[in-house]
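Fold and contact review
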Amino acid sequence: YNEMIDLGINPSIKTLNIMSKTMATASSDSVVSEGKSESLRLLGWKYIHEIENNPQLRHQKHESNNYYHTLTSMLALSAYDGDVGLARALYHKYITSKFKENVVKWKVNFADSNRIDYKKVWRNTLDPQLFNYLLLAYSNYSNEKLPILLGYEQGAILRRNILNSADYVGRTESDDVINAKLPMLPVIDMNQPWQIFSESRALWQFNLEFGGTIDLRDHSKSTELEELSKIANESQDFDVFKFRIMHQIAVWKNELANHEVLNLKSLTTFLSIPIRLNDRTEFLLRLKEFAFENHVL
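Scope of this entry: the structure provided in the associated data block. It should be emphasised that the depicted structure is a prediction, and the values quoted were computed from it without experimental measurement.

A short note on the packing of aromatic side chains
Applying the stated criterion to the full structure yields 11 aromatic pairs. Where F238 meets F241, the ring centres are 6.2 Å apart and the plane angle is 40°; that geometry is what we call tilted. Here F238 pairs with F241, and both are found in helix α13 (residues 238-256), just 3 residues apart, close to one helical turn. Among the residues examined, F238 registers a relative accessible area of 57% and is labelled exposed. An aromatic cluster is present here, built from Y91, F131, W204 and F270 joined pairwise through their rings. Sitting over the face of the ring of Y168, R88 holds its NZ or CZ atom 4.4 Å from the ring centroid.

Examining the environment of K242
Position of K242 among the secondary structure elements: in helix α13. K242 gets classed as partly exposed once you look at its relative accessible area, which sits at 45%. Each C-alpha atom, one on K242 and one on I231, is 9.4 Å from the other, the two residues being 11 residues apart in sequence.

Considering the nonpolar core
Most often, soluble globular proteins keep nonpolar side chains buried together rather than apart. Residues W45, Y91, W122, Y138, L182, I196 and W204 are the most contacted members of the largest nonpolar core, which totals 60 residues. L16, M19, A26 and L57 belong to the second-largest nonpolar core, a separate cluster that totals 9 residues.

So, the packing of helix α5 (residues 64-81) against helix α6 (residues 84-109)
Angle between the axes and distance between the axes: these two values describe a pair of packed helices. Look at α5 against α6: their axes get within 9 Å of each other, and the N-to-C directions meet at 155°. Between α5 and α6, the interaxial angle falls into the category roughly antiparallel. Once α5 is placed against α6, the crossing between them reads as left-handed. In this structure, α5 contributes Y67, Y68, L71, M74, L75 and S78 to the contact, and α6 contributes L86, A87, L90 and Y94. For the contact of α5 with α6, a count of residues per class yields 9 nonpolar, 1 polar and no charged.

Considerations on the environment of Q205
Note on placement: Q205 falls in helix α11 (residues 193-208). As a C-alpha pair, Q205 and P183 span 22 residues in sequence and 9.6 Å in three-dimensional space.

Comments concerning the environment of Q56
The residue Q56 is located in helix α4 (residues 55-60) in this model. For the pair Q56 and I13, spaced 43 residues apart in the sequence, the C-alpha separation amounts to 9.5 Å.

Re the packing of α11 against helix α15 (residues 280-290)
Packing of α11 against α15 brings their axes to within 12 Å, and their N-to-C directions diverge by 10°. Taken together, α11 and α15 sit at an angle that is classed as roughly parallel. Facing F197, S200, R201, W204, Q205 and L208 of α11, the residues of α15 in contact are E282, L285, R286, E289 and F290. Of the residues contributing to the contact of α11 with α15, the split by class is 5 nonpolar, 2 polar and 4 charged.

Examining the pattern of salt bridges
All told, the structure shown has 10 salt bridges when counted by the stated rule. R41 is the salt-bridge partner of D81, the closest N and O atoms lying 3.3 Å from each other. Of this pair, D81 sits in helix α5 while R41 sits in helix α3 (residues 37-53), and the two are 40 residues apart along the sequence. We note a salt bridge from R159 to D83, for which the minimum N-O separation is 2.8 Å. Here the residue R159 occupies a position in helix α9 (residues 153-165), and D83 occupies one in the loop between α5 and α6, the gap between them amounting to 76 residues. Comparing R159 with D83 shows no difference in burial state: the two are buried.

About the criteria used
Residues numbered from 1 in each chain as written. Predicted model: local features only at pLDDT ≥ 70, side-chain atom pairs only at ≥ 80, totals over all residues. Heavy atoms only, no water. Phe/Tyr/Trp six-rings, centres within 6.5 Å; stacked < 30°, edge-to-face > 60°. Helix = DSSP H or I, 4+ residues; strand = E, 2+ residues; numbered from the N terminus. Buried < 20%, exposed > 50% of the residue type's maximum accessible area, 1.4 Å probe, protein only. Lys NZ or Arg CZ within 6 Å of the ring centre and 35° of its normal. Core = buried A, V, L, I, M, F, W, Y, C linked by side-chain atoms within 4.5 Å. Axes fitted to C-alpha atoms, helices over the stretch in contact; angles between N-to-C directions. Parallel < 35°, antiparallel > 145°, perpendicular 65-115°, else oblique. Left-handed = near helix turned anticlockwise from the far one by under 90°. Contact = heavy atoms within 4.5 Å. Nonpolar A, V, L, I, M, F, W, Y, C, P; charged D, E, K, R; others polar. Salt bridge = Lys/Arg side-chain N within 4 Å of Asp/Glu carboxyl O.

Have a look at this one:
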């Protein structure tokens, strides 16, 4: 990056986003950051401000790919900093905007149908990478330290503008949107562990179920037992039984849960939230409900 500057090459918005995200990731490792985690995150925000301060790059930021990568970099920086207020505002703004776009696309593609399949719309909207960053922000939260952006004027203004632009209540939304909005608390910022536990659990459930159409905790197991008994009785040998069982498990996984979210990485982040906030009961509840030893029969 410094060589580019020395040679008079103007960094592109992509380069600045890569630098910003790299600083965020490096700041999470005490060895790599050499004990200067906050300095690296501050440098990461410097690259974001370069985008904001450059009229040409600021205009390019609103292009679809650039907007997504800039938002991802900002979300990464806020996540490793434990800035829950900023992380949830960024996540809410992007996911809500994406959901609106997908509702419009649905209406265009299925103009003859009055019913919107919200589960499918949400499935095309929810982003596991952004969600993992949000979970990471919850996990890194501490009421003993201020967000790094509040340490200087430009950062404080940027943070305040983003927080104030997030509409968690949905007062201005149409019926199509307000009937399926993200389950987030109607507060601008958070300072209580119970708020973090409640919202992170609600969003986890929401992401798993593509909008909450199926509640895994209340889901009836009787039909599953009937199906398993039927397969066992109708299979001529073990190989046929094994094949049909694995097929049935694949069907259930596709129908009941979003396994882009329920994976080792996001589950670890989700479980780390009560560990970092010292709540043994909440951790054990999450572990019992969502973890499993082995998915292979």
